[in-house]
Amino acid sequence: SIYYNDVWEVDMPPGHRFPMSKYKKVRKAVQSHIHDSKQQIQCNFRVSPLATFEQIATTHCPEYIQRYLSGNMTDAENRNIGFPWTLQHVNRTLSSTGGTVAAACDAYE
């Protein structure tokens, strides 16, 4: 399976170095390439699941996760992330991590 998370977009100012629209364009180009390929390529495209608290807690401090999920981070924590806190960004982050975990689990199986 190929996991994607372009369903979660974060509003960015025009000209930002991380334009959200490029992610959907890349996915669609890959899907088109696979569809048009003369080779028999079997793959499923799936929306990345949102990572669970338990999955994230294997790597991050539970108190930090709670602050991040609820938008109660310190100014220093917000600066380290580099983006203003929004629910869009939380969902995008959880989806990105969840897709990575799901792909790793798929590969393991």
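Below is a short write-up of the structure. (Residues numbered from 1 in each chain as written. Predicted model: local features only at pLDDT ≥ 70, side-chain atom pairs only at ≥ 80, totals over all residues. Heavy atoms only, no water.)

1. Description of helix H5 (residues 87-108)
Our working definition: Each helix is a run of DSSP H or I of at least 4 residues and each strand a run of E of at least 2, with the numbering of both proceeding from the N terminus. The span one expects for a helix is its residue count, reduced by one, times 1.5 Å. Exposure categories follow from relative accessible area, calculated using a 1.4 Å probe and restricted to protein chains: below 20% of the type maximum is buried, above 50% is exposed, and the middle band is partly exposed. Whether two residues are in contact is decided by their heavy atoms, any of which lying within 4.5 Å being enough.
For H5, built from 22 residues, the straight-helix expectation of 32 Å at 1.5 Å per residue is met to within 8% by its first-to-last C-alpha distance of 31 Å. Among the residues of H5, those classed as buried are His89, Val90, Asn91, Arg92, Leu94, Ser95, Gly98, Gly99 and Ala102. If you follow the buried residues of H5, they end up packed against strand S1 (2-4), helix H1 (21-36), helix H2 (53-56), helix H3 (62-70) and helix H4 (75-81).

2. Details of the pattern of salt bridges
To keep things clear, this is the line we draw: A pairing counts as a salt bridge when a side-chain nitrogen of Lys or Arg comes within 4 Å of a carboxyl oxygen of Asp or Glu.
Across all of its chains, the model carries two salt bridges by this definition. For Arg27, the salt bridge is made with Asp6, and the minimal N-O distance between the two is 2.6 Å. Taken together, the residues span a long stretch of sequence, with Arg27 in helix H1 and Asp6 in the loop between S1 and H1 at a distance of 21 residues. Arg27 sits in the buried class, given a relative accessible area of 14%. Owing to a relative accessible area of 4%, Asp6 belongs among the buried residues under this scheme.

3. Looking at a nonpolar patch on the surface
Stated precisely, the cut-off is as follows: Like charges are joined within 9 Å and nonpolar side chains (Val, Leu, Ile, Met, Phe, Trp, Tyr) within 5 Å, but only among residues with over 30% relative accessible area and no salt bridge; these make up the patches. Computed with a 1.4 Å probe, the accessible areas rest on the Shrake-Rupley method; for each residue, only the protein chains presented here act as cover.
Taken together, the side chains of Ile2, Val26 and Val30 make up a nonpolar region of the molecular surface, amounting to roughly 220 Å² of accessible area. Looking at the element boundaries, Ile2 is found in strand S1. Note on Ile2: relative accessible area 33%, which makes it partly exposed.

4. Points about the environment of Trp8
When you line up the elements, Trp8 lands in the loop between S1 and H1. Between the alpha carbons of Trp8 and Val90 there is a distance of 9.4 Å; along the sequence they are 82 residues apart. Ignoring any residue separated from it by four or fewer positions in sequence, one finds Trp8 in contact with Met20, Leu50, Asn91, Arg92 and Ser95.

5. Topic: the packing of aromatic side chains
The criterion, for reference: Only Phe, Tyr and Trp rings are paired, with Trp represented by its six-membered ring, and only when their centres lie within 6.5 Å; those with planes under 30 degrees apart are stacked, over 60 edge-to-face, the remainder tilted. Distance and angle both matter: a charge sits over a ring if NZ of Lys or CZ of Arg is within 6 Å of the ring centre and within 35 degrees of the ring normal.
What the rule picks out here adds up to zero aromatic pairs. When the ring centre of Tyr4 is taken as origin, the NZ or CZ atom of Arg27, which lies over that ring, is 4.2 Å away. Above the ring of Tyr23, the side-chain terminus of Arg92 is found at 4.6 Å from the ring centroid.

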